[in-house]
Amino acid sequence: MSTASAYLTVRGIEVDVVYKDIKNLHVGVYPPLGRVRVAAPKWLDDEQVRLAVIRRLAWIKEQRRQLRDAPRQSEREMVTGESHYVWGLRRRLRVVERAGRGHCELDGDRLVLYVPEGTDAAARLDLLRRWQRAQLRLAIPPLIERWESRVGRSVPAWGIRRMKTKWGSCNRDTGHLSFNLELAKKPPRCLEYIVVHEMAHLREPDHSRRFTTLMDTLMPDWRYRRDELNGAPLDHEEWA
Ligand SMILES: [Zn+2]
């Protein structure tokens, strides 16, 4: 049995919807970005789900606010012993103080930061982010190249940005794709899903049924990758 699913945009908020054999509608707001996901009974349609989401907008915004204010990885101390995710794997951080330019590298299962003495947490984090950006710059071009022929569109330009609420975006007018820097912490299959998702927007700008069908054709397991990317729910609410 296949599961129907849809994307809705409700008052500017992107909502992933899955229709299942369940009695009640569930809404979850997922870390780290506050993605909204709805599990809906099969007898509801997109419009009824949209109304249900609108009724819960205040609650959703409050969950997102709490997520944004919660301690994040970016507020960590950047000291030896901390763990940091690299391509979906937990790596132990080792900070080595030495003269010269800062440098970041993977050494076995350790993530090593070489920094001049007295480098503070913010500068260490900046170094790590520059390294994550370089990792993505290497990983993304082969993915785009692999998928251009399958999607049937070429990517005119792309970039990496820090984004608060999205993993990626596609500029409808220019075709410019943006990818969230945080993807460097996630498994490569999740990055590939976002690349394909944004490339699919070059054919279908909105999260319509046509878009979902296109994704099903291109990448049949995209829902699993999306769920892996979005992790466990922060909170869960249920009503009849
Ligand atoms: Zn999208």
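One structure accompanies this document, and this report is about it. Everything numeric here is computed off the predicted structure, so don't read it as measured data.

Digging into the packing of helix 3 (residues 121-151) against helix 4 (residues 188-200)
At step 1: One can describe the packing of helix 3 onto helix 4 by two numbers: an axis separation of 10 Å at closest approach and a directional angle of 50°. Considering the angle they form, helix 3 stands oblique to helix 4. Between helix 3 and helix 4 lies a crossing whose hand is right-handed. Of the residues in helix 4, those in contact with Leu136, Ala139, Ile140, Leu143, Ile144, Arg146, Trp147, Glu148 and Val151 of helix 3 are Leu191, Glu192, Val195, Val196, Met199 and Ala200.
At step 2: For the contact of helix 3 with helix 4, the residue count by class is twelve nonpolar, no polar and three charged.

A look at the state of the cysteines
At step 1: Tallying each qualifying case throughout the model produces zero disulfides.
At step 2: Lacking any disulfide linkage, Cys170 is separated from the closest cysteine sulfur, that of Cys190, by 20 Å.
At step 3: Cys170 gets classed as partly exposed once you look at its relative accessible area, which sits at 22%.

Some points on the pattern of salt bridges
At step 1: With the rule as written, the count across this model stands at 20 salt bridges.
At step 2: A salt bridge links Glu14 to Arg35; the shortest N-O distance between them is 2.9 Å. Taken as a pair, Glu14 in strand 2 (residues 13-20) and Arg35 in strand 4 (residues 35-41) lie far apart in primary sequence, 21 residues in all. The exposure classification of Glu14 matches that of Arg35, with both residues buried.
At step 3: A salt bridge links Arg50 to Glu47; the nearest nitrogen and oxygen atoms lie 3.4 Å apart. Here Arg50 and its partner Glu47 are both found in helix 1 (residues 46-55), three residues apart, which amounts to about one turn of the helix.
At step 4: According to the relative accessible area criterion, Arg50 is partly exposed, its value standing at 25%.
At step 5: Ionic contacts of the salt-bridge type, sharing partners, join the residues Glu14, Asp16, Arg35, Arg37, Lys166, Arg226 and Asp227 into one network.

Examining the coordination of the zinc ion
At step 1: Surrounding the zinc ion are the protein donor atoms His197 (NE2), His201 (NE2) and His207 (NE2), which sit 2.0 to 2.1 Å from the metal.
At step 2: Mapped onto the polypeptide sequence, the residues donating to the zinc ion form the spacing pattern H-x3-H-x5-H.
At step 3: Judged by its relative accessible area of 5%, His197 falls in the buried class.
At step 4: Owing to a relative accessible area of 10%, His201 belongs among the buried residues under this scheme.

Some thoughts on a positive patch on the surface
At step 1: A contiguous patch of positive charge on the surface is contributed by Arg90, Arg92, Arg94 and Arg110.
At step 2: Looking at the positive patch element by element, the count peaks at three residues for strand 6 (residues 89-97).
At step 3: For Arg92, the position within the fold is in strand 6.
At step 4: Take Arg92: its relative accessible area is 42%, and that puts it in the partly exposed class.

Brief notes about the sheet that holds strand 10 (residues 168-170)
At step 1: Pairing within the open sheet is mixed, and its three strands lie in the order 9-11-10. Taken across any chain shown, the strands that pair with only one partner, and hence form the sheet edges, are strand 9 (158-161) and strand 10. Each neighbouring strand pair of the sheet contributes to a mean axis angle of 20°, computed without reference to strand direction.
At step 2: By the bridge criterion, three bridges tie strand 10 to strand 11 (residues 177-180) in an arrangement that is antiparallel. Across the sheet, residue Ser169 finds its bridge partner in strand 11, namely Ser178.
At step 3: This element, helix 3, spans strand 9 and strand 11 of the sheet and lies at about 150° to strand 9.

Calculation criteria
- Here the residue numbers are simple positions, counted from 1 along each chain's written sequence.
- Reporting in this predicted model follows two pLDDT cut-offs: at least 70 for local features of residues, and 80 or more for side-chain atom pairs to be given and counted; totals over whole chains, interfaces and linings ignore these cut-offs and use all residues.
- For side-chain calculations, the full set of non-hydrogen atoms in the structure is used, while hydrogens and water are omitted.
- Fitted lines through C-alpha atoms serve as axes, helices being fitted only where they are in contact, and the angles separating the N-to-C directions of these axes extend from 0 to 180 degrees.
- Where helices and strands are cited, they refer to DSSP runs of H or I of at least four residues and of E of at least two residues respectively, numbered from the N terminus.
- The scheme is simple: roughly parallel for angles under 35 degrees, roughly antiparallel for over 145, roughly perpendicular for 65 to 115, oblique for anything else.
- Working rule for handedness: look at the near helix, and if it is turned counterclockwise from the far one by less than a right angle, call the crossing left-handed; if clockwise, right-handed.
- Only heavy atoms enter the contact rule, under which two residues are in contact if any of them lie within 4.5 Å.
- Gly is put with the polar residues, along with every residue not named as nonpolar or charged; the nonpolar set is Ala, Val, Leu, Ile, Met, Phe, Trp, Tyr, Cys and Pro, and the charged set is Asp, Glu, Lys and Arg.
- Only a pair of cysteine sulfur atoms within 2.5 Å qualifies as a disulfide here.
- Relative accessibility under 20% of the residue-type maximum defines a buried residue, over 50% an exposed one, and the middle range a partly exposed one, all with a 1.4 Å probe and only protein chains included.
- Basic side-chain nitrogens of Lys or Arg form a salt bridge, by our definition, when they fall within 4 Å of a carboxyl oxygen of Asp or Glu.
- Sites may look incomplete because water is not among the atoms; the donors themselves are N, O and S atoms within 2.8 Å of the metal, or within 3.2 Å for Na, K and Ca.
- Patch construction takes residues with relative accessible area above 30% that form no salt bridge. Like charges are linked within 9 Å, and nonpolar side chains (Val, Leu, Ile, Met, Phe, Trp, Tyr) are linked within 5 Å.
- Only the protein chains shown count as cover for residues, and all accessible areas are computed by the Shrake-Rupley method using a 1.4 Å probe.
- Residues counted as positive are Lys and Arg, residues counted as negative are Asp and Glu, and His and the chain ends are not counted.
- Working definition for charges: the position is that of NZ of Lys, CZ of Arg, CG of Asp or CD of Glu.
- A pair of strands is labelled paired if DSSP reports no fewer than 2 bridges between them.

Read these as geometric descriptors, not functional statements.
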